[in-house]
Amino acid sequence: MPTGTFTSITAGANHACGLATDSTIECWGANSWGKASPPTGRFRSVEAGANHTCGLRASGDLICWGRNQAGQTSVPPWFG
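Everything in this summary refers to the structure shown in the same document. (Residues numbered from 1 in each chain as written. Predicted model: local features only at pLDDT ≥ 70, side-chain atom pairs only at ≥ 80, totals over all residues. Heavy atoms only, no water.)

Re the side chain of threonine 10
For step 1, the next point in the chain: For threonine 10, the position within the fold is in strand S1 (residues 6–11).
For step 2, the next point in the chain: On the accessibility criterion, threonine 10 (10% relative accessible area) is buried.
For step 3, the next point in the chain: A polar contact of 3.0 Å, which involves the side chain of threonine 10, links it to the backbone nitrogen of alanine 48.
For step 4, the next point in the chain: If we ignore the near neighbours within four places in the chain, the residues touching threonine 10 are Ala16, Cys17, Val46, Glu47 and Ala48. (Helix = DSSP H or I, 4+ residues; strand = E, 2+ residues; numbered from the N terminus. Buried < 20%, exposed > 50% of the residue type's maximum accessible area, 1.4 Å probe, protein only. Polar contact = N/O pair within 3.5 Å; in protein donor to acceptor, adjacent residues only side chain to side chain. Contact = heavy atoms within 4.5 Å.)

Pasting the structure below:
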């Protein structure tokens, strides 16, 4: 279960993630494909899909993690 306070939360099929007040991401629930294992760092936002999650870093870079069977964690080269 999550700890702390959050400015936003998002839920996928069997996992959820929250953007903490310190701008880090915390995830919980099923972690198949690493979908609930966020990278470290500061973020502006986070959104979960069924089996993947994406976060917009404080720097403006986009990073996604989790299942990539249809390219959903592959950031488009034109982004940013």
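Back to the write-up after that little detour.
Focus: the state of the cysteines
For step 1, the next point in the chain: Summed over all chains, the structure comprises 2 disulfides.
For step 2, the next point in the chain: The disulfide partner of cysteine 17 is cysteine 27, and the S-S distance across this bridge is 2.0 Å. The disulfide joining cysteine 17 to cysteine 27 has a torsion of about 105 degrees about its S-S bond and is therefore right-handed. With cysteine 17 in strand S2 (residues 15–20) and cysteine 27 in strand S3 (residues 25–29), this pair connects stretches of sequence that are 10 residues apart. The burial state of cysteine 17 is the same as that of cysteine 27; both residues are buried.
For step 3, the next point in the chain: Each sulfur of the disulfide joining cysteine 54 and cysteine 64 lies 2.1 Å from the other. Measuring handedness by torsion sign, the sulfur bridge of cysteine 54 and cysteine 64 sits at about 110 degrees and is right-handed. Taken together, the residues cysteine 54 in strand S5 (residues 52–57) and cysteine 64 in strand S6 (residues 62–66) connect sequence positions 10 residues apart.
For step 4, the next point in the chain: On the accessibility criterion, cysteine 54 (18% relative accessible area) is buried. (Disulfide = S-S within 2.5 Å.)

Some thoughts on the environment of threonine 3
For step 1, the next point in the chain: Turning to its location among the elements, threonine 3 is positioned in the segment before S1.
For step 2, the next point in the chain: Through-space distance from the C-alpha of threonine 3 to that of proline 38 is 15 Å; in sequence the pair is 35 residues apart.

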